Amino acid sequence: MGSFRVHTVVSITVVQTVEAENDMSAVGNYQMYWSTTINAYPSAGAAPQPSGASKLCLSCHDGTIALGAVRSRATDIPVSGGPTMPSDADGYVGTDLSGSHPVSFVFDDALAVANNAAGHLPLVLPSTLSDNDVKLDAQGRIQCTTCHDPHNSTNPKFMAKPESGQLCTICHTF
Ligand code: HEC
Ligand code: HEC
Ligand code: HEC
C-alpha cells in the first residue's frame, strides 16, 4: 500500500531528524474541537492551538508546508506525492480539527473529576492509567502520539492499539 510505504520511508529517513528540525507549520489558527460538554477549556476560542508532537505531525499532515522541508537542507527532501500533502491523500488532516479528537490540552485528575461530577462521558483518572501503549506527553497533554505511534507500523494507521476501540476505553468508560 503506497501510503504505508511512504510513511515508513518518511519515518525512518526523516522523522528522527524532523523531530528536531522540520520546518514547523506557520498555521496559527487551527479550528479545534469543542462541545458544550467538554471540560478541558470553556469555549472553542479558548482551545489551545496544537503544541509539541501534534504540531510536528501537522507540519506534514495539514498540507500547508512541503513534506521534505527540513531546515538542514537548502533543497527539500523529495517525497513521493509531494511537495505538500495533497488534500485527497488518506493522510490529509488539514487545518480544521474541529471534527477530530481534542489534542494539546492537559489531561489531569482535576479534569477527570470535574468532567465526571458534571455527569459527562465518564473519564478514568489519568493518574491510574497503566497501559504504556497510550501515553500523555511530558507535560501531561494528549497529543497525536497518545493514539498513534509513528515509530511502530505493526497496527493499521500507526495506531497504538490493533483496534481503535481498544484505545478509547483506556480513558473513557462509555
Ligand atoms: C515529514 C512528514 C510527516 C510527518 C512529520 C508525519 N507524517 Fe504521517 N504521513 C506522512 C505521509 C507522506 C504519509 C502518507 C500519506 C498518504 O499516502 O495519504 C503519512 C501517513 C500517516 C498515517 C496513515 C494515513 C493513512 O490513512 O494511511 C498516519 C495515521 C500518520 N501519518 C500519522 C502521523 C502522526 C501521528 C505523526 C506525528 C507523530 C506523523 N504522521 C508525522 C508524512 C508525515
Ligand atoms: C484519541 C485518539 C486519537 C488522537 C488523539 C489522534 N488520532 Fe488520528 N486516528 C485515530 C483513530 C482511531 C483513527 C482511525 C480512524 C479509522 O480507521 O477510521 C485515526 C486516523 C488518523 C489518520 C488516517 C485518516 C484516514 O482517513 O485514513 C491520520 C492521518 C491521523 N489519524 C492523524 C492524526 C493526527 C495528525 C493527530 C493529531 C493532530 C491525530 N491523528 C490524533 C485516533 C486518534
Ligand atoms: C488518553 C486518554 C484518552 C483516549 C485514549 C481517548 N480519549 Fe476521548 N477524551 C479524553 C479527554 C481527557 C477528553 C476531554 C474531556 C473533557 O474535556 O471534558 C476527551 C474527549 C472526547 C470526546 C468529546 C467529549 C465531549 O464532551 O465533547 C469524545 C467524543 C471522545 N473523547 C471520544 C474518544 C474516542 C472515540 C476515543 C478512541 C478513538 C477516545 N476518545 C480516546 C481522553 C481520551
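You'll find the structure just up there.
Computed from a predicted structure; not experimentally measured. (Residues numbered from 1 in each chain as written. Chains lettered and ligands numbered in written order. Predicted model: local features only at pLDDT ≥ 70, side-chain atom pairs only at ≥ 80, totals over all residues.)

**Quick notes on the overall build of the protein chain**
Applicable threshold: What counts as a helix is a DSSP run of H or I of at least four residues, what counts as a strand is a run of E of at least two, and both are numbered from the N terminus. Three exposure classes are used, all based on how many other C-beta atoms lie within 10 Å of a residue's own C-beta (placed from the backbone): buried at 20 or more, exposed at 12 or fewer, and partly exposed between those limits. This entry defines residue contacts through backbone-placed C-beta atoms, with two residues in contact when those atoms are within 7 Å.
The helix and strand inventory of the protein chain stands at 5 helices and 0 strands. Helices (α) and strands (β) of the protein chain occur, in sequence order from the N terminus, as α-α-α-α-α. Within the span of the protein chain, comprising 174 residues, buried residues form 21% of the whole. For the protein chain, long-range pairs separated by at least 24 residues make up 64% of all intrachain contacts whose partners lie at least 6 apart in sequence.

**As for the site of ligand 2**
Threshold: To decide whether a residue is near a molecule or strand, its C-beta atom is placed from the backbone and checked for lying within 6 Å of it. Nonpolar residues are Ala, Val, Leu, Ile, Met, Phe, Trp, Tyr, Cys and Pro. Charged residues are Asp, Glu, Lys and Arg, and all others, Gly as well, are polar.
Residues in contact with ligand 2 amount to 17 residues; listed here are only the nearest, Cys57, His101, Cys144, Cys147 and Ser164. Breaking the shell around ligand 2 down by element, the ones donating at least two residues are helix 2 (52–61), helix 4 (144–147) and helix 5 (164–171). Looking at which element gives the most residues to the shell around ligand 2, the answer is helix 2, with 4 residues. Partitioning the shell around ligand 2 into residue classes produces 8 nonpolar, 7 polar and 2 charged.

**Focus on helix 2**
Of all 10 residues that make up helix 2, 7 are buried, and the element is covered over most of its length. Buried residues of helix 2: Ser54, Lys55, Leu56, Cys57, Leu58, Ser59 and Cys60, and no others. After helix 2 finishes, the residue Gly63 shows a positive phi value of roughly 75°.

**Quick word on the site of ligand 3**
Neighbouring ligand 3 are 23 residues; Ser35, Thr37, Ala40, Cys168 and Cys171 lie closest to it. Residue assignment for the shell around ligand 3 shows that the elements contributing at least two residues are helix 3 (109–117), helix 4 and helix 5. Per-element accounting of the shell around ligand 3 gives the leading share, 5 residues, to helix 5. Counted by class, the shell around ligand 3 contains 14 nonpolar, 9 polar and no charged residues.

**Structural notes on unusual backbone geometry**
Backbone geometry at Lys157 places phi at a positive 55°, although glycine is not the residue there. Within the fold, Lys157 resides in the loop between helix 4 and helix 5.

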